[in-house]
Amino acid sequence: MIHVTKTFLPPQEIYQSILKRAWDNNWITNRGELVLELEDKLKTYLKVPNMIAATNGTLPLQIAIKALNLTGEIITTSFSYVATTSSIVWEGCKPIFVDIHPEYLTIDETKIEAAITPKTSAILATHVFGNPCHVEAIEAIARKHNLKVIYDAAHCFGVNYKGESIFNYGDISSCSFHATKIFHTGEGGALFCKQQDLYNTLFYHHNFGHKGHEDFQGLGINAKMSELQAAMGLAVFPFMPQIMEWRRRVVQVYENELNFTKLTFLKIREHTVWNYSYYPIVFESEHTLKKAMKRLQENDIYPRRYFYPALHNLPYLNTPEMPISELVARRILCLPLSHDLSDKDTKKICKLVNAVL
Ligand SMILES: *Cc1c(COP(=O)(O)O)cnc(C)c1O
């Protein structure tokens, strides 16, 4: 059976040896030495000035909205995972969708200004599949209209744009370390923020507002990563260069074998070092996509329709049509991509897909 992704599990002895430190310390949460070590290692690896390890990749989005005191309307993309939109609604704000660019699949920056109203407080965009948004244009719009910028960078572990981590863009970025993501801690995530004051606010927010045992600095929630999660992260971390290389090889086979006269692949933005996080292909029609899915499933291969349905269709929203998101969401399929997908299986997937085109 081949799934859209496969969680990389480190050798159990390595995981156990790191867990042993938690046992020896008798300390399994509340920012113990494993969380601190993971944060240090990731900060160095990603070249980011600071980072807060979190228990998942969704609470960081909610905390970001809270920390920036956002109210009213937040401009966002209609093509992402549901957490991007649900976080906005959960925090009592109204998502205002802007359609996506048909090739980059990120929010169409040329359509953002038309969506701004006196109630707009921020832009929350997704670097979907690890492909950066047009961050310069978004920053210019935000400056001009005095808006905050949050990036849902859940897919972006290891992505660099113009020579630096994509996490360094915007006021705040989040990442997810869920088991289906390229770097994982089982469940987990992170917050990134270059501005020191804002970083402090995020930090207090993620730990109940605690400033020491008895003082509180504002409102907070519990989004702490545990030592057990950090142990998984520390066990996976040393394998990241290898994991990227394994995935690059799978992508290369797809690039060589798929029939791109009838399919398109996501267009990666110029000046990006991409992370091979997903392999989304867009079919000419939804009908062909369904044929391909069926053919693959008959062969015990399970791709996923990331992301379908497009978010403006969510049942708790009432929003205008987003034609490009709709068109893309109906025709996009993420093919299996993992560290241990063999050349043989990848070629088989290509053959099965090409056969229905
Ligand atoms: C995975 C994902 C999230 C949520 O991350 P969790 O760690 O599962 O909470 C948010 N946004 C996007 C785009 C995602 O793919």
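Note that the structure is a prediction, hence the values are computed from the model and not measured.

Engineer: Can you walk me through the overall build of the protein in this structure?
Structural biologist: When you go through the protein residue by residue, the secondary structure sums to 11 helices and 17 strands. Based on the C-alpha atoms only, the size of the protein along its principal axes is roughly 65 × 55 × 35 Å. Every one of the 357 residues in the protein was classed for burial, and the buried ones make up 56%. Sequence-distant contacts in the protein: of pairs separated by 6 or more residues, those separated by 24 or more amount to 70%. Only carbon and sulfur atoms are counted for the fraction: they give 52% of the accessible area of the protein, which is about 15800 Å².

Engineer: What is the right way to look at the sheet that holds strand β6 (residues 148-152) in this model?
Structural biologist: Neighbouring strands of a sheet are bound in pairs by backbone hydrogen bonds; such pairs are parallel or else antiparallel. The strand order across the open sheet formed by seven strands is β2-β10-β9-β6-β5-β3-β4, and the pairing between neighbours is mixed. Two strands in the sheet have a free side with no partner beyond their single neighbour: β2 (52-54) and β4 (94-98). Each neighbouring strand pair of the sheet contributes to a mean axis angle of 25°, computed without reference to strand direction. Looking at chain direction, β2 and strand β10 (residues 189-192) are connected through three bridges and run antiparallel.

Engineer: Would you take a moment to explain the domain arrangement of the protein for this structure?
Structural biologist: Buried accessible area, meaning the area lost when the parts come together, often serves as the stated size of an interface. Structurally, the protein comprises domain 1 (3-238) and domain 2 (240-356). If you average the C-alpha positions of domain 1 and of domain 2, the two centres end up 24 Å apart. The partner domain 2 presents 46 residues to the 50 residues of domain 1 that form the contact. Sorting the residues of domain 1 by area buried against domain 2 places Val-4, Phe-129 and Ile-182 first, and these three jointly supply 20% of that buried surface. Seen at the junction of domain 1 and domain 2, the total is one salt bridge. Between Asp-340 and Lys-6 there is a salt bridge, and its shortest N-O distance comes to 2.7 Å. Run the count over domain 1 and domain 2 and you get 22 residue pairs in polar contact (both at pLDDT 80 or more).

Engineer: Honestly, the nonpolar core in this entry has me stumped. Any pointers?
Structural biologist: Within soluble globular proteins, side chains that are nonpolar generally end up buried alongside one another. Among the nonpolar cores identified, the biggest contains 54 residues, and Leu-42, Ile-75, Ile-112, Phe-157, Phe-167, Phe-177 and Phe-183 are the most heavily contacted of them. A total of six residues in this core trace back to one element, the largest contributor, which is helix α7 (residues 227-236). Formed jointly, this core draws a minimum of three residues from each of two domains, domain 1 (3-238) and domain 2 (240-356). In contact with Phe-183, other than residues within four places in its own chain, are Leu-38, Leu-42, Phe-157, Ser-176, Phe-177, His-178, Gly-233, Val-236, Phe-237 and Met-240. Judged by nonpolar contacts, the second largest core, of 24 residues, contains Ile-2, Leu-289, Ile-301 and Leu-333.

Engineer: Explain the site of the ligand here, please?
Structural biologist: Close to the ligand lie 13 residues; Thr-58, Asp-152, His-155, Ser-176 and Lys-181 are nearest. Taking Asp-152, its side chain carries an N or O atom lying 2.7 Å from a nitrogen atom of the ligand. Contact between the ligand and His-155: an oxygen atom at 2.6 Å from a side-chain N or O atom of the residue. For the shell around the ligand, the class distribution of residues is three nonpolar, eight polar and two charged.

What counts as what
Residues numbered from 1 in each chain as written. Predicted model: local features only at pLDDT ≥ 70, side-chain atom pairs only at ≥ 80, totals over all residues. Heavy atoms only, no water. Helix = DSSP H or I, 4+ residues; strand = E, 2+ residues; numbered from the N terminus. Buried < 20%, exposed > 50% of the residue type's maximum accessible area, 1.4 Å probe, protein only. Contact = heavy atoms within 4.5 Å. Areas by Shrake-Rupley, 256 points an atom, 1.4 Å probe, with all protein chains shown as cover. Pairing = 2+ DSSP bridges. Axes fitted to C-alpha atoms, helices over the stretch in contact; angles between N-to-C directions. Domains from an automatic or database assignment. Buried area = accessible area lost by both parts, 1.4 Å probe. Salt bridge = Lys/Arg side-chain N within 4 Å of Asp/Glu carboxyl O. Polar contact = N/O pair within 3.5 Å; in protein donor to acceptor, adjacent residues only side chain to side chain. Core = buried A, V, L, I, M, F, W, Y, C linked by side-chain atoms within 4.5 Å. Near = heavy atom within 4 Å. Nonpolar A, V, L, I, M, F, W, Y, C, P; charged D, E, K, R; others polar.

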